[in-house]
Amino acid sequence: MYNNGDLPGATQLMEQVVQHEPDFYEAVVELAGMLIQQERADEAEVLLQGIPPDAIDNQILSQLLADVKRAKLQAQVVGVDTSALEQRLAENPDDLATMLELAKIRVAMDEVEAGLELYFAVHKKDSKFENGAGKQGLFNTFELIGSGNPLVKKYRNKLFALLY
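Residues numbered from 1 in each chain as written. Predicted model: local features only at pLDDT ≥ 70, side-chain atom pairs only at ≥ 80, totals over all residues. Heavy atoms only, no water.

Novice: What am I meant to see in the overall build of the chain here?
Specialist: Counting its regular elements, the chain contains 9 helices and 0 strands. Going from the N terminus to the C terminus, the chain shows its helices and strands as α-α-α-α-α-α-α-α-α. Expressed along its principal axes, the backbone C-alpha trace of the chain runs to roughly 55 × 35 × 25 Å. Taking all 164 residues of the chain together, the buried fraction comes to 41%. Long-range pairs, those at least 24 residues apart, make up 49% of the contacts in the chain between residues at least 6 apart in sequence. Summed over all atoms, the accessible surface of the chain reaches about 9900 Å², with 50% contributed by carbon and sulfur. Looking at charge distribution, the chain has the averaged site of its 15 positive side-chain charges lying 11 Å from that of its 26 negative ones. (Helix = DSSP H or I, 4+ residues; strand = E, 2+ residues; numbered from the N terminus. Buried < 20%, exposed > 50% of the residue type's maximum accessible area, 1.4 Å probe, protein only. Contact = heavy atoms within 4.5 Å. Areas by Shrake-Rupley, 256 points an atom, 1.4 Å probe, with all protein chains shown as cover. Lys, Arg positive; Asp, Glu negative; His and termini not counted. Charge placed at Lys NZ, Arg CZ, Asp CG, Glu CD.)

Novice: Just to check I follow, could you spell out helix 1 (residues 7–20) for this structure?
Specialist: Note: α-helices contain 3.6 residues per turn, so residues at a spacing of three or four share the same orientation. With 14 residues, helix 1 extends 20 Å from end C-alpha to end C-alpha; this agrees with the ideal 20 Å at 1.5 Å per step. Three or more residues of helix 1 are buried, namely L7, G9, A10, T11, M14 and V18. Tucked into the core, helix 1 has its buried residues touching helix 2 (25–37). (Expected span 1.5 Å × (residues − 1).)

Novice: Help me out: how do you make sense of the nonpolar core in this one?
Specialist: Across soluble globular proteins, nonpolar side chains have a tendency to be buried as a group. Formed by 29 residues in total, the largest nonpolar core has its most connected members in M99, L116, L138 and Y155. Of all the elements in the fold, those that place two or more residues in this core are helix 5 (83–91), helix 6 (96–108), helix 7 (112–125), helix 8 (133–145) and helix 9 (150–163). Of the residues forming this core, the biggest block, 8 residues, is contributed by helix 6. The residues touching M99, leaving out its near neighbours within four places in the chain, are L89, P93, L118, A121, V122 and K125. M14, V18, A27 and M34 belong to the second largest nonpolar core, which has 22 residues in total. (Core = buried A, V, L, I, M, F, W, Y, C linked by side-chain atoms within 4.5 Å.)

Novice: Is there a simple way to explain the packing of helix 7 against helix 9 in this structure?
Specialist: Two quantities define a packed helix pair, namely the angle between the axes and the distance from one axis to the other. Orientation of helix 7 relative to helix 9, taken along the N-to-C sense of each, is 10 degrees, at an axis distance of 11 Å. In terms of orientation, helix 7 and helix 9 fall into the roughly parallel class. At the point where helix 7 passes helix 9, the crossing takes the right-handed sense. Contacts from V112, E113, L116, E117, F120, H123 and K124 in helix 7 reach L151, K154, Y155, K158, L159 and L162 in helix 9. Residue classes in the contact of helix 7 with helix 9 are distributed as 7 nonpolar, 1 polar and 5 charged. (Axes fitted to C-alpha atoms, helices over the stretch in contact; angles between N-to-C directions. Parallel < 35°, antiparallel > 145°, perpendicular 65-115°, else oblique. Left-handed = near helix turned anticlockwise from the far one by under 90°. Nonpolar A, V, L, I, M, F, W, Y, C, P; charged D, E, K, R; others polar.)

Novice: It is not clear to me how helix 4 (residues 58–76) should be interpreted in this structure. Could you clarify?
Specialist: A rise of 1.5 Å per residue sets the reference length of helix 4, with its 19 residues, at 27 Å; its end C-alpha atoms lie 27 Å apart and thus fit the reference within 8%. Buried residues of helix 4: L61, L64, A66, V68, R70, A71 and L73, and no others. Along its buried surface, helix 4 packs onto helix 2, helix 3 (41–49), helix 6 and helix 8. The N-cap residue of helix 4 is D57: its side-chain oxygen and the backbone nitrogen of Q59 are 2.7 Å apart. (Polar contact = N/O pair within 3.5 Å; in protein donor to acceptor, adjacent residues only side chain to side chain.)

Novice: Would you take a moment to explain the side chain of R70 for this structure?
Specialist: Residue position: R70 is located in helix 4. A polar contact is formed between the side chain of R70 and the backbone oxygen of L144, at a distance of 2.6 Å. If we skip the residues at most four places from it in the chain, R70 touches Q63, L144 and I145.

Next up, the structure:
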């Protein structure tokens, strides 16, 4: 069903499988992925949190939890107009609070590199601003996009270059 494009039907069938076999964690993982695709991230998160440690590959679980986080972020920014934030930043390029807010939105809108650049700029201008929010934003985004993403290496190198 899934391969034929019937995501709702496949989800319904997989929900039945998981209901009857709650310890079939591969099915739980598949169901969670389907739920995320249907903007049901909260339900997917509950399912994933119910999987015991080492029941499935930790990398798969971590990626799905990152997908949940990304889906939740994207749901928060649907239809958000960033023009006021951009205007505020244009008028005051040192407004770190606005940079942070815009960075979060950029990452959520899947403009990841733009968001990383803003987080990096905050960290570079004031590494202690809001308890290191620029650096924390970078690390949170790294977790969200996965360690294999080339942007992680690029921005880790930029952070390293700041130190030395």
